[in-house]
Amino acid sequence: VEQSSSPSLLLQESSAEIGVLLSTEQVQQFMVYLEQLQIWNQSFNLTRITLNDEIIIKHFVDSLAALQAEDVKVGARFLDVGTGAGFPGIPLKLARLDMHMTLVEPVAKKVSFLRFIIGLLQLKNIDIFAGTLERFMNERMPYGSFDYLATRALKHGLILKDGQKLLRQGGKAILFSSQPIPPSDLSSNWSLLREHIFQLQKGYGQRVISIVMPSV
């Protein structure tokens, strides 16, 4: 019998609480991700968060909350900028295999981990660009390619500066933070559609997911 302290049960219950239901198989994939994150973290410092419970709530559940904040359409093309060890992109991909995911990350050791974990989990339709957003835009010319772009790590201004060029008609940016977005962060090029404010489980604090779209 699984104890309530087991990582898999914590993930299943916590994600269900935010309205994201994971199958047993999906939870198992998250557990492989968790285990490898812990192993790699000992050598490479991929994330400062190292306790299982904290990784599950602060990284996995927080990433999945984007599906509560936004009704992500089937087959959406999703760009995760500054993904680090894969957040929010890999949790979202594990929950929604239909999505086409592109991860942008400049740090080589993190890119190595991303390549490894994507191979291990046998994820399809997920692409990694090793470099900055600026280089991605210069080298890939990905204009008008994405339904969504997201960041958990970068300052919002970095995404919003050129972000509208990356989005398809009707595309949106999904911005993670601990506070509502200051109006001053949004230039006249962007409008705030809504903010999803929630509390992480285990008292890990308030999170805000701001959904913004280019002003017409």
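What counts, and where the lines are drawn
- Residues numbered from 1 in each chain as written.
- Predicted model: local features only at pLDDT ≥ 70, side-chain atom pairs only at ≥ 80, totals over all residues.
- Heavy atoms only, no water.
- Axes fitted to C-alpha atoms, helices over the stretch in contact; angles between N-to-C directions.
- Helix = DSSP H or I, 4+ residues; strand = E, 2+ residues; numbered from the N terminus.
- Parallel < 35°, antiparallel > 145°, perpendicular 65-115°, else oblique.
- Left-handed = near helix turned anticlockwise from the far one by under 90°.
- Contact = heavy atoms within 4.5 Å.
- Nonpolar A, V, L, I, M, F, W, Y, C, P; charged D, E, K, R; others polar.
- Pairing = 2+ DSSP bridges.
- Expected span 1.5 Å × (residues − 1).
- Buried < 20%, exposed > 50% of the residue type's maximum accessible area, 1.4 Å probe, protein only.
- Arc of directions from axis to C-beta.
- Core = buried A, V, L, I, M, F, W, Y, C linked by side-chain atoms within 4.5 Å.
- Salt bridge = Lys/Arg side-chain N within 4 Å of Asp/Glu carboxyl O.

Side note on the packing of helix H2 (residues 24-44) against helix H3 (residues 52-64)
In step 1: One can describe the packing of H2 onto H3 by two numbers: an axis separation of 11 Å at closest approach and a directional angle of 125 degrees. As the angle between them shows, H2 and H3 are arranged oblique. Remark: the crossing between H2 and H3 carries right-handed chirality. For the pair formed by H2 and H3, the contact residues are Phe30, Met31, Tyr33, Leu34, Leu37 and Gln38 on the first element and Asn52, Ile55, Ile56, Phe60 and Leu64 on the second.
In step 2: Residue classes in the contact of H2 with H3 are distributed as 9 nonpolar, 2 polar and no charged.

Here we look at the sheet that holds strand E2 (residues 100-105)
In step 1: Pairing is mixed across the open sheet formed by 7 strands, whose spatial order is E3-E2-E1-E4-E5-E7-E6. The strands lining the two open edges of the sheet, one partner per strand, are strand E3 (126-130) and strand E6 (190-199). Averaged over all pairs of adjacent strands, the angle between strand axes in this sheet comes to 20 degrees, irrespective of strand direction.
In step 2: Pairing between strand E1 (residues 77-81) and E2: 5 bridges, direction parallel. Counterpart to Asp80 in the pairing with E2 is Leu103.
In step 3: Here helix H7 (residues 133-140) sits on the sheet in contact with E1, E2, E3 and strand E4 (146-151), set at roughly 110 degrees to E3.

Side note on helix H6 (residues 108-120)
In step 1: End to end, H6 covers 18 Å across 13 residues, agreeing with the expected 18 Å (1.5 Å per residue, within 8%).
In step 2: Among the residues making up H6, those that are buried are Lys110, Val111, Phe113, Leu114, Ile117 and Ile118. With its buried residues spanning 160 degrees around the axis, H6 presents them on a single face. Facing away from the buried side of H6 by over 90 degrees, the exposed positions are Ala108 and Arg115.
In step 3: Where the residues of H6 are buried, they touch H2, helix H5 (89-95), E2 and E3.
In step 4: Positive phi shows up at Gln122, right after H6, with a value of about 55 degrees.

Some words on the nonpolar core
Note that soluble globular proteins tend to have their nonpolar side chains buried in a common cluster.
In step 1: In terms of nonpolar packing, the biggest core is built from 53 residues, with Leu11, Phe30, Tyr33, Ile56, Phe60, Ile90 and Ile174 touching the most fellow members.
In step 2: Ranked by the residues each element gives to this core, the list is headed by H2, at 7 residues.
In step 3: In this view, Ile56 contacts Pro7, Leu10, Leu11, Met31, Leu34 and Val61; residues no more than four positions away in its chain are not counted.
In step 4: Residues Val104, Leu133, Leu175 and Trp190 belong to the second largest nonpolar core, which totals 19 residues.

Notes on the pattern of salt bridges
In step 1: Inspection of every chain in the model, using the stated rule, returns 13 salt bridges.
In step 2: Notably, a salt bridge pairs Glu54 with Lys58, separated by 2.5 Å at the nearest N-O pair. Taken as a pair, Glu54 and Lys58 lie in helix H3 at a separation of 4 residues, close to a single helical turn.
In step 3: Owing to a relative accessible area of 16%, Glu54 belongs among the buried residues under this scheme.
In step 4: In this structure, the salt-bridge partner of Asp162 is Lys161, at a minimum N-O distance of 3.4 Å.
In step 5: The exposure class of Lys161 is exposed, given its relative accessible area of 57%.
In step 6: Look at the salt bridges and you will find they share partners, linking Asp62, Arg152 and Arg207 into a network.

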